[in-house]
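What follows is each chain in one-letter form.
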Amino acid sequence: AFSDLVMDANNLYWVDLIDGAAVVRKEPLAGGTVASVGVALGSYTEFGANTEPIGIAVDDTDAYVNLGPVIKVNLATGAATTFSASSVQQPGAIAVNATDVYWFTDYQLAVHAK
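Notes on the structure in this doc start here. (Residues numbered from 1 in each chain as written. Predicted model: local features only at pLDDT ≥ 70, side-chain atom pairs only at ≥ 80, totals over all residues. Heavy atoms only, no water.)

Here we take up the packing of aromatic side chains. Evaluation of the coordinates by the stated rule reveals 2 aromatic pairs. Ring plane angle 75° and centroid distance 5.3 Å describe the contact between Y64 and F83, whose orientation is recorded as edge-to-face. Here Y64 is found in strand β6 (residues 62-66), whereas its partner F83 is found in strand β8 (residues 80-84), with 19 residues between them in sequence. Accessibility classification places Y64 together with F83 in one group, the buried group. Between F83 and W103, the aromatic rings sit 6.2 Å apart at their centres with planes inclined by 70°, giving edge-to-face as the arrangement. Remark: W103 occurs in strand β10 (residues 100-105) and F83 occurs in strand β8; sequence separation between them is 20 residues. For F83, a relative accessible area of 14% corresponds to the buried category. For W103, a relative accessible area of 3% gives the class buried. (Phe/Tyr/Trp six-rings, centres within 6.5 Å; stacked < 30°, edge-to-face > 60°. Helix = DSSP H or I, 4+ residues; strand = E, 2+ residues; numbered from the N terminus. Buried < 20%, exposed > 50% of the residue type's maximum accessible area, 1.4 Å probe, protein only.)

What follows is the structure, given as structure tokens:
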């Protein structure tokens, strides 16, 4: 499995699979040490998505990870919560703006207010 790459003004973010867990990681754009932000809830293989890319989007405070359910991971604390419990077989792209989060659920677009 592999992850999208996203960035904000300071960091590059992606998801690593570490011991079956989906771990949000970051590295400063200027270079430096890779750090773990937090672990998305559950095991990646639990969601049946082990051959699909992991979608990730970030805003000023949170990372949103599309594992089937969408998991919100706070960038400052690493706390993870289920943002949307929908379970899909083909998770993928996800995007966020100032008010909403957008992602695909088995070939349909879902929109959820933040």
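The next subject is the pattern of salt bridges. What the rule picks out here adds up to 2 salt bridges. Here D16 and R25 are joined by a salt bridge, their closest N and O atoms 3.3 Å apart. Here K114 and D59 are joined by a salt bridge, their closest N and O atoms 2.8 Å apart. Here K114, found in the segment after β11 (108-113), pairs with D59, found in the loop between β5 (55-58) and β6; they are 55 residues apart in sequence, far enough to count as distant. Of the residues examined, K114 reaches a relative accessible area of 41% and is grouped as partly exposed. (Salt bridge = Lys/Arg side-chain N within 4 Å of Asp/Glu carboxyl O.)

What follows is about the nonpolar core. Judged by nonpolar contacts, the single largest core of 16 residues is most densely connected at Y13, V24, I56, A63, V65 and L67. Broken down by secondary-structure element, the contributors of at least two residues to this core are β2 (11-18), β3 (21-28), β4 (35-43), β5, β6 and β7 (70-74). Apart from residues no more than four positions distant in its own chain, V24 is found in contact with W14, A35, S36, V37, G38, I56, A63, V65 and V73. Counting 8 residues, the second largest nonpolar core, distinct from the first, contains A57, Y64, I94 and V101. (Core = buried A, V, L, I, M, F, W, Y, C linked by side-chain atoms within 4.5 Å. Contact = heavy atoms within 4.5 Å.)

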